Amino acid sequence: MKFFIDTANLDEIKEANDLGVLDGVTTNPSLMAKEGITGHDNIMQHYIDICNIVDGDVSAEVIATDFDGIVKEGEALAALHENIVVKVPMIKDGVKALKYFSEKDIKTNCTLIFSAGQALLAAKAGATYVSPFIGRLDDVSTDGLDLIDQIRTIYDNYLFDTEILAASVRHPMHIIQCAEIGADVMTGPLKSIMALLNHPLTDNGLAQFLADYAKGNK
Ligand code: G3P
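All figures in this text were calculated on a predicted structure; none of them were measured in a lab. (Residues numbered from 1 in each chain as written. Predicted model: local features only at pLDDT ≥ 70, side-chain atom pairs only at ≥ 80, totals over all residues. Heavy atoms only, no water.)

Let's talk about the overall build of the chain
Counted only if it meets this: Secondary structure elements are defined from DSSP: runs of H or I of at least 4 residues count as helices, runs of E of at least 2 residues count as strands, and each element is numbered from the N terminus. Only protein chains enter the accessibility calculation, which uses a 1.4 Å probe. A residue is then buried if its area is under 20% of the maximum for its type, exposed if over 50%, and partly exposed in between. The criterion used for residue contact is that any of the two residues' heavy atoms lie within 4.5 Å. Computed with a 1.4 Å probe, the accessible areas rest on the Shrake-Rupley method; for each residue, only the protein chains presented here act as cover. Counted charges follow a simple rule, with Lys and Arg positive, Asp and Glu negative, and His plus the chain ends left uncounted. To locate a charge, take NZ of a lysine, CZ of an arginine, CG of an aspartate or CD of a glutamate.
From N to C terminus, the chain includes 11 helices and 8 strands. Across its three principal directions, the C-alpha atoms of the chain cover 75 × 40 × 30 Å. Counting only residues that meet the buried cut, the chain has 44% of its 218 residues in that class. Partitioning the contacts of the chain with sequence separation of at least 6, the portion at a separation of at least 24 is 57%. Accessible area for the chain stands at about 11,100 Å²; split by element, carbon and sulfur atoms hold 53% of it. Side-chain charges of the chain comprise 17 positive and 32 negative groups, with the mean position of each set lying 2 Å from the other.

Here it is, written out as structure tokens:
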């Protein structure tokens, strides 16, 4: 399972990368705004800065919603760095753009996936990744993990190459359950990744080992 971090915060990206388990980064316009990154040139530079930290796929989202605009923006983003993956919304012109990019060997991440039908369409159009938002489904009393399971079955039935990128991950159990189902990738905030480290028995056991060593080496 690949681990992506879902943030535009460079310090958090560095911290996850330093742990040695990071395979990529996902961003979106909200995450960029949260870091105060505004204006075309600053946003482009920020993507380059992220690519210079992580040796892996970095999703950069288009703002355009019409085919020509998505293609123009996507090509400009892809030209920034070889690690850029063009993030395209699940809309009609987005699906057409996924097909266009796949024929040009430009990697894509189809975002805002909330149904199996949308994931099937994105795979048919040649998306590199699909991003089902599991936390946002949970927010409306619908189990996001059921969607990951459905998409896994469909992609396995037809041997689609499109990778399932579980997004809107909120906590470590999401990560574990996505791994059990067989999501190819998860993207989550730094705290969800770091929470995988924790177990009180590990802390207690280590404290005991260190205390016993200290007793024997007085
Ligand atoms: O990767 C998608 C993600 O940024 C959405 O997460 O927590 O805003 O639903 P959230």
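With respect to the side chain of threonine 7
Within the secondary structure, threonine 7 sits in the loop between β1 (2-6) and α1 (10-19). A relative accessible area of 5% means that threonine 7 is categorised as buried.

Topic: a nonpolar patch on the surface
Where we set the bar: Residues enter a patch when their relative accessible area is above 30% and they make no salt bridge; the linking distance is 9 Å between like charges and 5 Å between nonpolar side chains (Val, Leu, Ile, Met, Phe, Trp, Tyr). Think of a salt bridge as a Lys or Arg side-chain nitrogen and an Asp or Glu carboxyl oxygen that are within 4 Å of each other.
A surface patch of nonpolar side chains, about 230 Å² in accessible area, is lined by Met173, Ile176 and Leu196. For isoleucine 176, the position within the fold is in helix α9 (residues 172-181).

Examining the site of the ligand
Rule in force here: To be near a molecule or strand, a residue needs just one of its heavy atoms within 4 Å of it. Identification of polar contacts relies on pairs of N or O atoms within 3.5 Å, with a donor-acceptor requirement for protein atoms, meaning one able to donate a hydrogen and the other able to accept it, and with residues adjacent in sequence counted only if both atoms are side-chain atoms. Asp, Glu, Lys and Arg are counted as charged, while Ala, Val, Leu, Ile, Met, Phe, Trp, Tyr, Cys and Pro are counted as nonpolar; the rest, among them Gly, fall into the polar class.
Taken together, Asp6, Asn28, Leu31, Phe133, Arg136, Ala167, Ser168, Arg170 and Thr187 make up the full set of residues adjacent to the ligand. Within the side chain of arginine 170, an N or O atom sits 2.9 Å from an oxygen atom of the ligand. When isolated, the ligand has an accessible area of 310 Å², and the protein chains bury 81% of it. In terms of residue class, the shell around the ligand is built from 3 nonpolar, 3 polar and 3 charged.

Remarks on the pattern of salt bridges
Counted according to the given criterion, the structure contains 8 salt bridges. As a salt-bridge pair, glutamate 163 and lysine 2 come within 3.2 Å of each other at their nearest N and O atoms. With glutamate 163 in strand β7 (residues 163-166) and lysine 2 in strand β1, the pair connects residues that are 161 residues apart, well separated along the chain. Judged by relative accessible area, lysine 2 falls into the partly exposed class, the value being 26%. For the salt bridge of aspartate 212 with lysine 215, the shortest nitrogen-to-oxygen distance reads 3.2 Å. With aspartate 212 and lysine 215 both in helix α11 (residues 200-216), this residue pair falls 3 residues apart, about one helical turn. On the basis of relative accessibility, which here comes to 55%, the residue lysine 215 falls in the exposed class. Beyond isolated ion pairs, a larger network of salt bridges with shared partners links Arg152, Asp156 and Asp184.

Digging into a negative patch on the surface
Taken together, Asp138, Asp143, Asp146 and Asp149 make up a surface patch of like negative charges. Secondary-structure assignment places aspartate 138 in helix α7 (residues 134-139). Judged by its relative accessible area of 33%, aspartate 138 falls in the partly exposed class.

A look at helix α5 (residues 92-103)
Note the following rule: To estimate the expected span of a helix, subtract one from its residue number and multiply by 1.5 Å. Directions are taken from the helix axis to each C-beta atom, and the arc is the one they span.
With 12 residues, α5 extends 17 Å from end C-alpha to end C-alpha; this agrees with the ideal 16 Å at 1.5 Å per step. Regarding α5, the residues found buried are Gly94, Val95, Ala97, Leu98 and Phe101. Down the axis of α5, the buried side of the element spans an arc of 160°, and every buried residue falls inside it. In this structure, α5 carries Lys92 and Glu103 as exposed residues pointing more than 90 degrees from its buried face.

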